Every structure is written in C-alpha cells, then in structure tokens.
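# Observations on the three-dimensional arrangement
The chain contents come next:
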Amino acid sequence: MLGLINRSIQCFLRDTYGEATWLGIARAAGLGFDSFEPLLIYDDALTNAVINAAAQGLQRPRETVLEDLGTYLVSHPNLEALRRLLRFGGVNFVDFLHSLEDLPEHGRLGLPDLDVPEFELVDQGGGRFLLRVSQLLPGVGHVIVGLLRAMADDYGALVLLDHGGVDTAGVHGGDEVVTVHLLDQAYAQGRRFDLSMPGV
C-alpha cells in the first residue's frame with residue numbers, strides 16, 4: 001500500500017491523540033520506525049497492525065477508530081486540500097455521492113500507485129442509496145461512513161448512515177456496504193466553499 005495512506009493514519013493519530021500516543025502505537029505495531037514515507041510502498045499487514053494497535057491502545061473498537069479517521073480526513077484543517085478535492089464532486093450532497101465512482105481514477109491521475117477504494121453507488125429511490133466499497137483494507141467501509149458524515153455536514157445535508165457489512169455479490173467481490181438515507185439535502189447551512197483558494 002502506498003505510504004500516503006499510512007501517513008494519513010499516522011497524522012490522524014498524532015493530531016488527535018498527540019505525538020506520544022502515536023509513538024506508542026508505532027512501537028506496539030512493531031513498525032521499527034516512527035514515520036511513514038508517503039511515496040514508499042508498504043506491506044498491507046503494516047496498515048492493519050497500526051489500526052489494531054491503535055484500537056487496543058486507545059481502548060476503542062476498531063470500527064470507531066476507522067470512522068474517526070474518515071471524519072478526520074475531511075474535517076481537519078491540515079487536510080483542507082482533500083476536502084476541496086471532494087467538494088469539487090458536486091454542488092450538493094447527491095452530486096457528491098455520484099462523483100465517488102470517479103474518485104479512484106482522478107486520484108490515480110496524480111499518483112498512479114495510489115490505493116483508493118472502488119465505489120459502486122445504487123440509487124434506491126426516496127433518498128436512499130447503497131454504496132459498495134471495495135475492501136482496500138478490512139473495515140474500509142467504516143472510514144467511508146466517517147467521511148460521508150463529515151461531508152454531509154459540509155454540505156449542510158441531514159443524512160443517516162450505516163455500515164451494512166460485507167456483500168460478496170458486489171462487483172469487486174467482498175465489497176463493504178454503506179447505506180445512505182438522505183433526509184434533507186438543505187437541512188442546515190453548509191461550510192463555505194469557493195472555487196478559488198482563499199487569498200487567490
């Protein structure tokens with residue numbers, strides 16, 4: 001897995017819980033180093049080791065740690081660039097949902113080795129959607145739940161989200177399923193978003 005993904009997990013743990021906590025998790029995971037290099041390729045087992053060590057060290061369920069990671073990726077000031085990239089997916093939350101299927105291709109335009117889950121969105125009508133997510137790592141659907149929750153807030157939408165388990169009948173085999181129920185697309189005022197960068 002490209003180190004950029006691992007570095008994101010590292011930054012989440014460090015920014016949320018502090019440097020000392022991150023260093024303790026890195027030791028517990030048996031990394032042998034304390035910082036991932038974004039452009040190096042790492043064994044997927046290291047990613048799982050870090051997540052498991054974090055869940056154990058923080059005494060939180062693995063699913064909760066992953067969901068908090070997804071929220072962090074959108075809401076933390078250090079990752080404003082990612083938030084902006086996702087907001088270019090559409091003017092409202094439904095447009096954004098539909099843009100997810102194109103996200104892997106867009107990500108690999110800049111970084112060909114970037115590991116991004118593949119998405120399949122099914123519109124079930126009545127504001128209900130089924131989002132299948134390829135298993136980049138076990139529990140990736142929980143990351144997407146956290147990310148979608150943060151993006152719904154960003155758009156000002158009222159949404160119910162749930163991790164629906166694993167669907168072996170999905171296009172990619174073993175997809176994780178996220179259910180989305182959009183109750184109100186304009187429930188609250190969303191965060192400000194301008195096409196140009198601030199100060200430009």
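Details of the structure are given in the entry above.
Residues numbered from 1 in each chain as written. Predicted model: local features only at pLDDT ≥ 70, side-chain atom pairs only at ≥ 80, totals over all residues. Heavy atoms only, no water.

With 52 residues, the main nonpolar core has L13, V50, F93, F96, L131, L148 and V180 as its most contacted residues. Element by element, the count of residues in this core is highest for helix α8 (residues 140-155), at 10 residues. Setting aside chain neighbours within four positions, we find F96 in contact with L86, G89, G90, L147, L148, M151 and Y155. (Core = buried A, V, L, I, M, F, W, Y, C linked by side-chain atoms within 4.5 Å. Buried < 20%, exposed > 50% of the residue type's maximum accessible area, 1.4 Å probe, protein only. Helix = DSSP H or I, 4+ residues; strand = E, 2+ residues; numbered from the N terminus. Contact = heavy atoms within 4.5 Å.)

Regular strands place side chains that alternate from one sheet face to the opposite one. Here 6 bridges tie strand β1 (residues 119-125) to strand β2 (residues 128-133), and the two strands are oriented antiparallel to one another. Paired with D123 across the strands is F129, a residue of β2. (Pairing = 2+ DSSP bridges.)

With that settled, the discussion passes to the sheet that holds strand β4 (residues 175-184). Reading across the sheet, the 4 strands line up as β1-β2-β4-β3 and stay open at both edges, with antiparallel pairing between neighbours. Of all strands in the sheet, those with a lone pairing partner are β1 and β3 (158-167), marking the two edges. Taken over all neighbouring pairs, the strand axes of this sheet differ in orientation by 20° on average, direction set aside. Relative to β4, β2 is paired through 6 bridges, and the arrangement is antiparallel. Counted as the bridge partner of V133 is E176 from β4. (Axes fitted to C-alpha atoms, helices over the stretch in contact; angles between N-to-C directions.)

Attention shifts here to the pattern of salt bridges. Counted under the stated rule, the structure contains 8 salt bridges. Notably, a salt bridge pairs R83 with E80, separated by 2.7 Å at the nearest N-O pair. Residue R83 and its partner E80 are located together in helix α5 (residues 80-87), separated by 3 residues, close to a single helical turn. Look at E80 and you get partly exposed, because its relative accessible area is 28%. Between D154 and R83 there is a salt bridge; the shortest N-O distance is 2.8 Å. Of this pair, D154 sits in helix α8 while R83 is found in helix α5, placing the two residues 71 residues apart along the sequence. Of the two residues, D154 and R83, neither departs from the other in class, the shared state being buried. Residues joined by salt bridges that share partners form a network here, namely E80, R83, R87 and D154. (Salt bridge = Lys/Arg side-chain N within 4 Å of Asp/Glu carboxyl O.)

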